[in-house]
Amino acid sequence: MKYYILFGPPGAGKGTHAGAIAQKYNLKHLSTGELLRAEIAAGTELGLKAKDLISAGSLVPDEVVEGMIENAFESIKGVDGFLLDGFPRTLPQAEALDAILSKRGEKVNGVISIMIPDSLVFERIAGRAKIEGRADDASPEVIAHRIQTYHNQTEPLKEYYRAAGNYYEVNGYPGTIEENRNRVLALVETII
Ligand code: AMP
């Protein structure tokens, strides 16, 4: 099995491009944000616990998402690998992922990092808010907090994966969605 990470700030286009990558290489797209939103929609205990943190633009506890990812690795069959989107987001999560994979005799095969400037994050999320209606897209304060959380807690992972020798970066702008997708797919083709 192959394990790839889609990395980048909110609004970089991870979710927008994940489907095309997953389909082309027979990977299961796993978005922790989507899994958490499904738990909230289903009204589960986990969803109830996560709801306020997500609406405030804060991260949910590491153990919650680590458990979701490990369950998915165990239960999902019939694919050549996984495309992780929005996980890991903290150093402890990255270390937990390495531990989960090493138990299975596997490793992270590549980190596909889509980069956009902070100014574009606001623009993209404001546009998405009108279409998807996500609670955490609605207020400028929450968006600002998510950007800050990304810089403080998630961005250090670049160095973690650079040191591991499997970090690959591509610009998620400028251009149309299709132009950006083609740029991302061209990078992926060189690493997969
Ligand atoms: P996303 O759909 O990736 O933008 O995630 C939406 C929200 O879900 C985030 O702002 C966090 O509150 C929560 N979330 C998603 N993935 C993680 C993660 N790996 N660690 C902690 N919280 C997460």
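Residues numbered from 1 in each chain as written. Predicted model: local features only at pLDDT ≥ 70, side-chain atom pairs only at ≥ 80, totals over all residues. Heavy atoms only, no water.

Caption draft 1: Representation of the sheet that holds strand 1 (residues 2–7) within the structure. Pairing in this open sheet of five strands is parallel, and the strands run 2-3-1-4-5 from one edge to the other. Looking at the sheet topology across the chains shown, the edges are occupied by strand 2 (27–31) and strand 5 (167–171). On average, each strand axis in the sheet is inclined to that of its neighbour by 20 degrees, with strand direction left out of account. Both strand 2 and strand 3 (residues 81–85) contribute to a ladder of five bridges, which runs parallel. Within strand 3, the residue paired with Leu27 across the bridge is Gly81. Relative to strand 2, helix 2 (residues 32–42) is tilted by about 60 degrees, and along the sheet it contacts strand 2 and strand 3. (Pairing = 2+ DSSP bridges. Helix = DSSP H or I, 4+ residues; strand = E, 2+ residues; numbered from the N terminus. Axes fitted to C-alpha atoms, helices over the stretch in contact; angles between N-to-C directions. Contact = heavy atoms within 4.5 Å.)

Caption draft 2: Representation of the side chain of Asp136 within the structure. You can see Asp136 is positioned in the loop between helix 6 (118–132) and helix 7 (140–154). We classify Asp136 as buried; its relative accessible area is 6%. Among the polar contacts made by the side chain of Asp136, one reaches the side chain of Arg134 at a distance of 3.0 Å. (Buried < 20%, exposed > 50% of the residue type's maximum accessible area, 1.4 Å probe, protein only. Polar contact = N/O pair within 3.5 Å; in protein donor to acceptor, adjacent residues only side chain to side chain.)

Caption draft 3: Seen up close, the site of the ligand. Taken together, 16 residues surround the ligand, and among them Thr32, Arg37, Ser58, Gly86 and Gln93 come closest. Val60 places a main-chain nitrogen or oxygen 3.1 Å from a nitrogen atom of the ligand. About the coverage of the ligand: the protein hides 95% of its 480 Å² of free accessible area. Residue contributions to the shell around the ligand peak at four residues, all from helix 2. Of the residues assigned to the shell around the ligand, the class counts are six nonpolar, five polar and five charged. (Near = heavy atom within 4 Å. Areas by Shrake-Rupley, 256 points an atom, 1.4 Å probe, with all protein chains shown as cover. Nonpolar A, V, L, I, M, F, W, Y, C, P; charged D, E, K, R; others polar.)

Caption draft 4: Broad picture of the layout of surface pockets. Put simply, the largest pocket is a space of about 1000 Å³. In terms of lining, the largest pocket is formed by 44 residues, of which the most central are Pro10, Gly11, Lys14, Arg128 and Arg134. Within the residue set of the lining of the largest pocket, elements represented by two or more residues are strand 1, helix 1 (14–25), helix 2, helix 6, helix 7 and helix 9 (177–191). Broken down by element, the lining of the largest pocket gets its largest block of residues, five residues, from helix 2. Residues that form the lining of the largest pocket fall into these classes: 14 nonpolar, 19 polar and 11 charged. (1 Å grid on protein atoms, 1.4 Å probe; cavity = no way out; pocket = protein on both sides within 12 Å on 5 of 7 lines; lining within 4 Å. Points joined across faces, edges and corners; volume = space filled by probe spheres on them.)

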